[in-house]
Amino acid sequence: MMKDVFLGYERSNGFGTRNHILIIPTVTCSEFTVRRIARESLKYYNNPDGSIKVLNNPYGCGQTGEDLEQTTRTLINMGINPNVSGVLVLSLGCESVDYNKVADEISKYKPVNFLRIQDYGGLKTVETGIEKIKDLAANAIKEKRNETDLKNITAGLECGGSDFTSGLASNPVVGKVSDWIINNGGSTIISEVPEFIGAEHLYAARAVNEDVRAQIFKTVYAFEKKLKEEARVDFRKGQPTPGNMEGGLTTIEEKSLGAVKKSGSAKVSGVLKYGERLSKPGHYLMNTPGYDVESVSGEVAGGANIVMFTTGRGTPTGNIISPVIKITANEETFKKMEDIIDFDASPIMRGDETIESASERLKKLLIETANGRLTKAEINEQDDFAIYRIGPTY
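Residues numbered from 1 in each chain as written. Predicted model: local features only at pLDDT ≥ 70, side-chain atom pairs only at ≥ 80, totals over all residues. Heavy atoms only, no water.

1. With respect to the packing of helix H1 (residues 31-41) against helix H5 (residues 122-142)
Running from N to C, H1 and H5 cross one another at 45°; their axes reach a closest spacing of 9 Å. As summarised for this structure, H1 and H5 are arranged oblique, according to the angle between their axes. Viewed along their axes, H1 and H5 form a crossing whose handedness is right-handed. Judged by residue contacts, Thr33, Arg36, Ile37, Glu40 and Ser41 of H1 engage Gly122, Leu123, Thr125, Val126, Gly129, Ile130 and Ile133 from H5. The residue makeup of the contact of H1 with H5, split by class, is five nonpolar, five polar and two charged. (Axes fitted to C-alpha atoms, helices over the stretch in contact; angles between N-to-C directions. Helix = DSSP H or I, 4+ residues; strand = E, 2+ residues; numbered from the N terminus. Parallel < 35°, antiparallel > 145°, perpendicular 65-115°, else oblique. Left-handed = near helix turned anticlockwise from the far one by under 90°. Contact = heavy atoms within 4.5 Å. Nonpolar A, V, L, I, M, F, W, Y, C, P; charged D, E, K, R; others polar.)

2. Topic: the side chain of Asn57
For Asn57, the position within the fold is in the loop between strand S4 (52-54) and helix H2 (65-80). The class of Asn57 is buried, set by a relative accessible area of 0%. Of note is the side chain of Asn57, whose polar atom sits 2.8 Å from the backbone oxygen of Pro25. Excluding residues that lie within four positions of it along the chain, Asn57 makes contacts with Pro25, Thr26, Val27, Thr28, Glu31, Leu75 and Ile387. (Buried < 20%, exposed > 50% of the residue type's maximum accessible area, 1.4 Å probe, protein only. Polar contact = N/O pair within 3.5 Å; in protein donor to acceptor, adjacent residues only side chain to side chain.)

3. Observations concerning the nonpolar core
Met78, Ile106, Ile216, Met308 and Leu362 are the most contacted members of the largest nonpolar core, which totals 73 residues. Those residues within four positions of Ile106 in sequence are excluded, and the remaining contacts are Ile24, Leu75, Ile76, Gly79, Ile80, Val87, Val89 and Val112. Grouped together as the second largest cluster of nonpolar side chains are 20 residues, Ala38, Leu115, Ile133 and Ala137 included. (Core = buried A, V, L, I, M, F, W, Y, C linked by side-chain atoms within 4.5 Å.)

4. Looking at the sheet that holds strand S11 (residues 283-286)
Each strand in a sheet pairs with another by means of backbone hydrogen bonds, the pair being arranged parallel or else antiparallel. In space, the seven strands of this open sheet follow the order S10-S11-S9-S8-S12-S13-S14, with parallel pairing throughout. Of all strands in the sheet, those with a lone pairing partner are strand S10 (268-272) and strand S14 (343-344), marking the two edges. Strand direction decides the pairing type here: strand S13 (residues 324-328) and S14, joined by two bridges, are parallel. Residue pairing across strands places Thr328 opposite Asp344, the latter belonging to S14. Contacts from helix H6 (residues 164-183) reach strand S8 (154-159), strand S9 (187-190), S11, strand S12 (306-310) and S13, with the element oriented near 155° to S12. On the sheet, helix H8 (residues 210-229) packs against S10 and S11 and is oriented at approximately 40° with respect to S10. (Pairing = 2+ DSSP bridges.)

5. Quick look at the environment of Gly198
Counting through the fold element by element, Gly198 comes out in the loop between S9 and helix H7 (200-204). For Gly198, a relative accessible area of 21% corresponds to the partly exposed category.

6. Description of the pairing of S12
Note on strand geometry: in a regular strand, side chains alternate between the two faces of the sheet. Among the five residues that make up S12, five are buried, leaving the element largely enclosed by the rest of the structure. Neither face of S12 is open: one carries Ile306, Met308 and Thr310, the other Val307 and Phe309, and all of them are buried. Sheet topology note: the S8/S12 ladder contains five bridges and is parallel. Across the sheet, the residue bridging to Ala155 is Ile306, located in S12.

7. Re the side chain of Ser91
Inspection of the secondary structure assignment puts Ser91 in strand S5 (residues 84-91). The class of Ser91 is buried, set by a relative accessible area of 0%. Of note is the side chain of Ser91, whose polar atom sits 2.9 Å from the backbone nitrogen of Gly93. Separated by 2.8 Å, the side chains of Ser91 and Glu95 make a polar contact. Those residues in contact with Ser91 that lie beyond four places of it in its chain are Thr26, Ser30, Tyr99, Phe114, Leu115, Arg116 and Ile117.

8. Focus on the layout of surface pockets
Leftover empty space is mapped by rolling, across the atoms, a probe with the size of a water molecule. The volume enclosed by the largest pocket comes to roughly 670 Å³. Lining the largest pocket are 20 residues; nearest its centre among them are Glu66, Gln70, Lys273, Asn287 and Ile390. Of all the elements in the fold, those that place two or more residues in the lining of the largest pocket are H2, H8 and S10. For the lining of the largest pocket, the element with the most residues is H8, which contributes eight residues. Of the residues assigned to the lining of the largest pocket, the class counts are seven nonpolar, four polar and nine charged. (1 Å grid on protein atoms, 1.4 Å probe; cavity = no way out; pocket = protein on both sides within 12 Å on 5 of 7 lines; lining within 4 Å. Points joined across faces, edges and corners; volume = space filled by probe spheres on them.)

9. Brief notes about the sheet that holds strand S2 (residues 14-16)
Pairing within the open sheet is antiparallel, and its three strands lie in the order S2-S1-S7. Either end of the sheet is taken by a strand with one partner, and the two such strands are S2 and strand S7 (146-149). Strand-to-strand twist in this sheet, taken as the mean axis angle between neighbours without regard to direction, amounts to 70°. Relative to S2, strand S1 (residues 5-11) runs antiparallel, the two being bridged by three bridges. Residue Tyr9 lies in a different strand from S2, and its bridge partner there is Gly16.

Here it is, written out as structure tokens:
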């Protein structure tokens, strides 16, 4: 019988499934310098369990209010994620993001070094940055995996390129695995709020209390209202997407009913802002858009140290610091995209396997991945990251 444990890197706020060094540019103006530092530092730290990773942050200036707070929160919480051993925060020096706050908040949990380009100039910043990466690498190299239980798993639950097989097979399989994680004291995060439209009442019925139930309805209705009033779009006319319709989905309600299956049957513990960290274990809804890369990035900022991602039509989506397990129940998709998809649930559709037995296989793969087995997205260096913007640039 499979043991409900994995080998992870112990941090002050949990266990990591990976051991990365992360460079965070607090504004897009810093990105060229950051990428040069990373490129020239790789020889000092690069192993199967971790590497030097750079956040693709195209924002950080010309932002105000909640939009600026959301960007700042996401940068901080990506650095705090347990999959990160140490962080280099690199600022230009005049951006809207409070770079001191970013560095200070992350330093409460792990080693952090900080650089400001306007203090050094370009080449000197690169030279100094490489030395600071060497310092972080010396610490990361010493770290070893230790056995822990599933209470230290936080799994993101995502879907993209859905078709008729998603709601019938792959999403229910993920739902079973989500319940298994929750029953063992761990956490799961589901997102993509617009894909709850038409199924929000079924999900809200599982709320732990009336306050959470009200938050679920408020979050879904506010998203639809925002689309109608600000984007001047009736979301129900824009979804399902052309790809979804080619895959056999007919309405947003049908798509939502399938998407919510990823959440299993656990009680809903709360609703999170985009990129907000969990305060206690449980199953949560995070307020993200349906766009896969932004959605997964929000979950990982929220603490997801592994992601289960279902797709009917196929997508290469990955994440910069967390392994993304790609799952399909479409036999043709798996045959064509085996180089980017990790798990084949299509035997369910042929009647050769049950949802329960497929979930046992997925549990095994999740443990192996948490222990260090690379996903296809990692092998392909699909280091995706994007922040959800909720305001204009000034």
